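Spelled out from the first residue to the last, the chains are:
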Amino acid sequence: MPHEVETIPLMAPGPGTSRALTVHRFGTRGVGRKLYFQAALHADELPGTLVLNHLIGWLAAADARGEVLADITVLPYANPVGLANRIHGYHLGRYDLDGDGNFNRWYPRLADKVAEKVGNRLGDDLEENRATIRAAAREAVADWDAEGEANVLRKALMALSIDADMIFDLHCHGAAVQYAYFPQAHWQAYGDLTAELGCRVVLFFPTDEGSTFDAVATVLMHDLAARFPDRPVPPPPFTTTLELRGQQDCSDAMAEPDARAILRFLQRHGFVAGDPGSPPEPLCSPTPLEGSDTMVAPCAGVISYRVALGERVKAGEVVADIVDPAVVDFAAARTPVASRTEGIVYGRNLSLLVRPGQSFAVVAGDHALPPPDLPVIDH
Ligand SMILES: [Zn+2]
């Protein structure tokens, strides 16, 4: 099938205003594995939009040659609501300004509704059960009486992805090295994606909890497996959140190699025709999300980092000082904050001004940590 472009209208927030998703589809619907890509769900995280812009050009050309061998959906921007979040010249985009929270949280848990619709129709055949569950999941999403602009958007994104085999959610950090949240169950089969992208950190995350976009489809399958223990329920789909460095790391020069990396991954796994060659050597080994230390400011001040992004620190090593610029004594003006783990400093906030309890940097360690002493303001 040739490349199709679909426009999906979202809620009109006021008279005279309209917003819409632009959805690119490649391959033949329902034939082969279903892959779903989206960028900038946090609308101020733009690197993925350029990556997917490169990718849709190549996929359109491949599709015209009959070389797209999967059912591929691509949203180069997933959040027109957030793209319009401008305040006094600054573009925000992480939170719904109308009060519906972080755009990548608060996705509903579908298991109750899906289980109700499935009833006693699950049998002993895994593939039949997969089709039954996916149809019920699509219905459950369609039935959701989503209120408010952010929830209408959440519903539209879920409708496009709930039955996908693979979900790629492209984000970035304030400032960061290349890294990814990756499902451990799929590491052996698909870990080459992180090597292709040159990830310096790979975080294994739990797929059976959470209200993020990427958790919707995985949590559903975990929940259904628990509800129907005597029936074969499909394993959770592959979902990864790719963190494409920092918000300022957005240019064609950076996006083109990342898009090439994704295309080679698609070729290697038979979703697009072509020979990608061997994957490069990985730059890191995966570490658990529970081992990631979130550094928290104990006081208000200006951050002065002692180590660079991507540097390895030891447990107890000071990563940054929080400076009160009005204190005369140099040492007294500085409150050092140390890492609780040995690992890579992989992400930092873009803003260098912090308030007490605010998280500002993350360090990827390889063993689980206890929760932090201070309550964390999680932005
Ligand atoms: Zn994000």
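Residues numbered from 1 in each chain as written. Predicted model: local features only at pLDDT ≥ 70, side-chain atom pairs only at ≥ 80, totals over all residues.

Engineer: Explain unusual backbone geometry to me, please; I cannot follow it from the model alone.
Structural biologist: Generally, phi is negative for residues other than glycine and the peptide bonds are trans, each holding for most cases. In this structure, A40 is a non-glycine residue whose phi angle is positive, near 60°. Mapping A40 onto the fold places it in the loop between β3 (34–39) and α1 (47–64). Although it is not a glycine, H88 adopts a positive phi angle of roughly 50°. For H88, the position within the fold is in the loop between β5 (86–87) and β6 (90–91). The class for H88 is exposed, based on 4 C-beta atoms found within 10 Å. (Helix = DSSP H or I, 4+ residues; strand = E, 2+ residues; numbered from the N terminus. Buried ≥ 20, exposed ≤ 12 C-beta atoms within 10 Å, placed from the backbone.)

Engineer: Sorry if this is basic, but what is going on with the sheet that holds strand β18 (residues 318–323) here?
Structural biologist: Within a sheet, each strand pairs with its neighbour through backbone hydrogen bonds, oriented either parallel or antiparallel. Judged by pairing direction, the sheet is antiparallel, and its four strands sit side by side in the order β19-β18-β16-β21 without closing on themselves. The open sheet has two edge strands with one neighbour each: β19 (334–338) and β21 (353–354). Taken together, the five bridges between β18 and β19 define a ladder with antiparallel strand orientation. Pairing of A320 across the sheet is with V337, part of β19. (Pairing = 2+ DSSP bridges.)

Engineer: Any chance you could explain the pairing of strand β9 (residues 166–173) here in plain terms?
Structural biologist: As a general feature of sheets, a regular strand has side chains that alternate between the two faces. Within β9, eight of the eight residues are buried, leaving the element largely enclosed by the surrounding structure. Residue alternation in β9 divides its side chains into two sets, M166, F168, L170 and C172 and I167, D169, H171 and H173, and both sets are buried. With five bridges joining them, β3 and β9 adopt parallel strand pairing. By the bridge assignment for β9, F37 is matched with F168. With seven bridges joining them, β9 and strand β13 (residues 238–246) adopt parallel strand pairing. Looking across to β13, one finds that D169 is bridged to T241.

Engineer: Would you take a moment to explain the environment of A361 for this structure?
Structural biologist: Looking at the secondary structure, you find A361 in strand β22 (residues 359–364). Residue classification places A361 among the buried residues on the basis of 27 C-beta atoms within 10 Å. Taking the C-alpha atoms as reference, A361 lies 28 Å from V81; in sequence the two are 280 residues apart. Apart from residues no more than four positions distant in its own chain, A361 is found in contact with M295, V319, A320, V345, G347 and R348. (Contact = placed C-beta atoms within 7 Å.)

Engineer: When you look at the domain arrangement of the chain in this model, what are you seeing that I'm missing?
Structural biologist: Frequently, the measure chosen for interface size is the accessible area that the parts lose on association. We note that the domain assignment places domain 1 (4–285) and domain 2 (290–364) within the chain. Averaged C-alpha coordinates put domain 1 and domain 2 at centres separated by 32 Å. (Domains from an automatic or database assignment.)

Engineer: Looking at this model, I keep getting lost on the packing of α1 against helix α9 (residues 252–268). Mind explaining?
Structural biologist: Any two packed helices are characterised by how steeply their axes cross, that is the angle between the axes, and by the distance between the axes. It is the contact of α1 with α9, at a shortest axis distance of 8 Å, that shows an interaxial angle of 55°. The angle between α1 and α9 places the two elements in the oblique class. Here the hand of the crossing between α1 and α9 comes out right-handed. Residues P47, L50, V51, H54, L55 and W58 of α1 form the contact with α9, whose participating residues are D252, M254, A255, E256, D258, A259, I262 and L263. Here the residues of the contact of α1 with α9 are counted per class, giving 10 nonpolar, one polar and three charged. (Axes fitted to C-alpha atoms, helices over the stretch in contact; angles between N-to-C directions. Parallel < 35°, antiparallel > 145°, perpendicular 65-115°, else oblique. Left-handed = near helix turned anticlockwise from the far one by under 90°. Nonpolar A, V, L, I, M, F, W, Y, C, P; charged D, E, K, R; others polar.)

Engineer: I keep staring at the sheet that holds strand β4 (residues 71–75) and nothing clicks. Help me out?
Structural biologist: Reading across from one edge, β1-β2-β4-β3-β9-β13-β11-β12-β14 is the order of the nine strands in this open sheet, with mixed pairing throughout. One side of each edge strand has no neighbouring strand; the edge strands of this open sheet are β1 (4–9) and β14 (287–288). Sheet topology places β1 next to strand β2 (residues 20–26); six bridges connect them, and they run antiparallel. Residue pairing for β2: E6 is matched across the bridge by V23. Sitting on the sheet, α1 touches β2, β3, β4, β9 and β13, and the angle it makes with β9 is about 145°. Along the sheet, helix α5 (residues 149–161) makes contact with β1, β2, β3, β4 and β9, crossing β3 at roughly 150°.

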